[in-house]
Amino acid sequence: STQYLDADPAGIAAAADLLRQGLLVAFPTETVYGLGGDARNGEAVAAIYAAKGRPSFNPLIAHVASVEAAKRYVEWSDNAEQLAAAFWPGPLTLVLPLRAGHGVSSLVTAGLETLAVRVPAHPTARALLSAVDGPVAAPSANPSGRISPTTAAHVRAGLDGRIAAVLDDGPCSVGLESTIVGLAGSPALLRPGGVALEQIETVLGTRLAHHKPGDLLTAPGQLLSHYAPDAPVRLNATERRGDELLLGFGSVDCDRNLSARGDLIEAAANLFAYLHELDGTGRPIAVSPIPSEGVGAAINDRLRRAAAPRNS
Ligand code: TXA
Ligand code: MG
């Protein structure tokens, strides 16, 4: 059965031991809870895919404690240096060419020649990664295709009994997954996320190549239907229809408001928790229009996937 560990030094040490033994531990990051396994241990990584029911072609992010640690696994570059200096630790993932002798299981990269790496900012994640002293592969800690977890209770609801432990440190502050930037070729936005595109372009002094909103395969395995509640989701709603509950934004009369003062950062932090909560009622969900600037682009990306026709 799954152990629930407090995020104190003893809990973090216990979680690190479990990871070193090749077992799976869900842990908090500032974006969402991750489902961690030792990235150098193929069996541990295979167990991540199995616990999530994740298609094996969808590669994972390797989490490390520092820039120095990242450089052990990937070919570093000037662009990587600039972005890491500006946004690490934090909600940014860089995709870079694998370095010779990297030791990372090919199940992490799904056979690609590149590796996605991230240094999270959450103090508990950082303490855990320092204690493990190796790359930890971690997708979001939810069954594949479902709403991402921003609390330990969300992890429990999706994965209880299927993983060794959950390190519980309350809700995640950013609430949306990391922004993914590809640096193996010309810089490209592979997934919008917690760091706004505009901020990244300012640091690099160049525009990123990116795909139109709604393009599917910007990072492998970004299936359109994703983050899917059980209930149908209708976007850009200005009022409730029928039995719908309204997930609002700004000054609207609604059932849950992502941010009554119209703050996109607050809305991002609330998005997945409110989707989980409204989904629990079994009623259809309507969502107010959300502006697409800054982190709003990532919110709308997740909402489009939540509203997309289901794969199954
Ligand atoms: O905020 C986050 O990034 C969270 C926390 C736990 O760190 N993790 C997360 O992982 O969102 P996941 O597995 O749900 O999403 C990883 C994304 C996938 O869309 C995958 O296709 C992409 O990263 N990815 C991983 N490796 C890649 C690579 N080598 N090239 C391109 N895309 C890659
Ligand atoms: Mg995910």
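Quick caveat, the model's predicted, so the values are computed rather than measured.

## Comments concerning the site of ligand 1
Right, on to step 1. Taken together, 28 residues lie near ligand 1, and Thr31, Gly34, Pro59, Ala116 and Pro139 sit nearest.
Right, on to step 2. In terms of residue class, the shell around ligand 1 is built from 14 nonpolar, 11 polar and three charged.

## Remarks on the sheet that holds strand S14 (residues 256–257)
Right, on to step 1. A sheet is described by the order of its strands in space; here four strands give the open sequence S12-S15-S13-S14, paired in parallel fashion. Edge strands, defined here as strands with exactly one partner in the open sheet, are strand S12 (233–234) and S14.

## Considering the nonpolar core
Right, on to step 1. Within the largest apolar cluster, 103 residues are counted, with the highest numbers of intra-cluster contacts made by Ala15, Val25, Ala26, Ala62 and Leu167.
Right, on to step 2. Of all the elements, helix H9 (residues 264–279) adds the most residues to this core, at 10 residues.
Right, on to step 3. Mapping this core onto the domain boundaries places at least three of its residues in each of domain 1 (3–210) and domain 2 (233–307).
Right, on to step 4. Those residues in contact with Val25, other than ones at most four positions away along the chain, are Ala15, Leu18, Leu19, Gly36, Ile163, Ala164, Ala165 and Leu167.

## Quick word on the environment of Ala131
Right, on to step 1. When you line up the elements, Ala131 lands in helix H6 (residues 123–132).
Right, on to step 2. Ala131 gets classed as partly exposed once you count the C-beta atoms within 10 Å, which come to 17.
Right, on to step 3. Taking C-alpha positions, Ala131 is 6.1 Å from Ala16, a pair spaced 115 residues apart along the chain.
Right, on to step 4. With near-sequence residues (within four places) excluded, Ala131 lies in contact with Ile12, Ala13 and Ala16.

## Observations regarding the domain arrangement of the protein chain
Right, on to step 1. Domain parsing of the protein chain yields domain 1 (3–210) and domain 2 (233–307).
Right, on to step 2. Each of domain 1 and domain 2 was reduced to a C-alpha centroid, and the two centroids are 26 Å apart.
Right, on to step 3. Counting residues at the interface gives 17 residues for domain 1 and 16 residues for domain 2.
Right, on to step 4. Among the residues forming the side of domain 1 that touches domain 2, the class breakdown is eight nonpolar, eight polar and one charged.

## Description of the confidence of the model for the protein chain
For any part of a model where pLDDT is low, the fine detail of the predicted coordinates should not be relied upon.
Right, on to step 1. Model confidence for the protein chain is summarised by a mean pLDDT of 93, while 94% of its residues fall at 70 or above.
Right, on to step 2. This prediction of the complex comes with two scores: 0.91 for pTM and 0.99 for ipTM.

## Details of the UniProt feature "binding site: L-threonine" (unreviewed entry) in the protein chain
Right, on to step 1. Here the UniProt feature "binding site: L-threonine" (unreviewed entry) sits at Thr31, His63, Arg118, Ala138 and Ser178. Spatial clustering of the annotated residues is evident: they stretch over 148 residues in sequence, but the largest pairwise C-alpha distance comes to 12.6 Å.
Right, on to step 2. Inspection of the secondary structure puts His63 in strand S4 (residues 61–63).
Right, on to step 3. Setting aside anything within four residues of it in sequence, one finds His63 in contact with Gly34, Arg118, Pro120, Leu129, Pro135, Val136 and Ala138.
Right, on to step 4. For Ala138, the position within the fold is in the loop between strand S7 (136–137) and helix H7 (152–159).

## Some thoughts on the packing of H9 against helix H10 (residues 296–307)
Right, on to step 1. Close contact between H9 and H10 brings their axes to 9 Å; oriented N to C, the two are set at 20°. As far as their axial angle goes, H10 and H9 are roughly parallel. For the pair H9 and H10, the crossing hand works out as left-handed. Where H9 abuts H10, its residues Leu264, Ala267, Ala268, Leu271 and Leu275 lie against Gly296, Ala298, Ile299, Arg302 and Ala306.
Right, on to step 2. A per-class count over the contact of H9 with H10 returns eight nonpolar, one polar and one charged.

Calculation criteria
- Residues numbered from 1 in each chain as written.
- Chains lettered and ligands numbered in written order.
- Predicted model: local features only at pLDDT ≥ 70, side-chain atom pairs only at ≥ 80, totals over all residues.
- Near = placed C-beta within 6 Å.
- Nonpolar A, V, L, I, M, F, W, Y, C, P; charged D, E, K, R; others polar.
- Pairing = 2+ DSSP bridges.
- Helix = DSSP H or I, 4+ residues; strand = E, 2+ residues; numbered from the N terminus.
- Core = buried A, V, L, I, M, F, W, Y, C linked by C-beta atoms within 7 Å.
- Buried ≥ 20, exposed ≤ 12 C-beta atoms within 10 Å, placed from the backbone.
- Domains from an automatic or database assignment.
- Contact = placed C-beta atoms within 7 Å.
- pLDDT = per-residue confidence, 0-100.
- UniProt positions renumbered as here; feature names shortened; annotations may be inferred.
- Axes fitted to C-alpha atoms, helices over the stretch in contact; angles between N-to-C directions.
- Parallel < 35°, antiparallel > 145°, perpendicular 65-115°, else oblique.
- Left-handed = near helix turned anticlockwise from the far one by under 90°.

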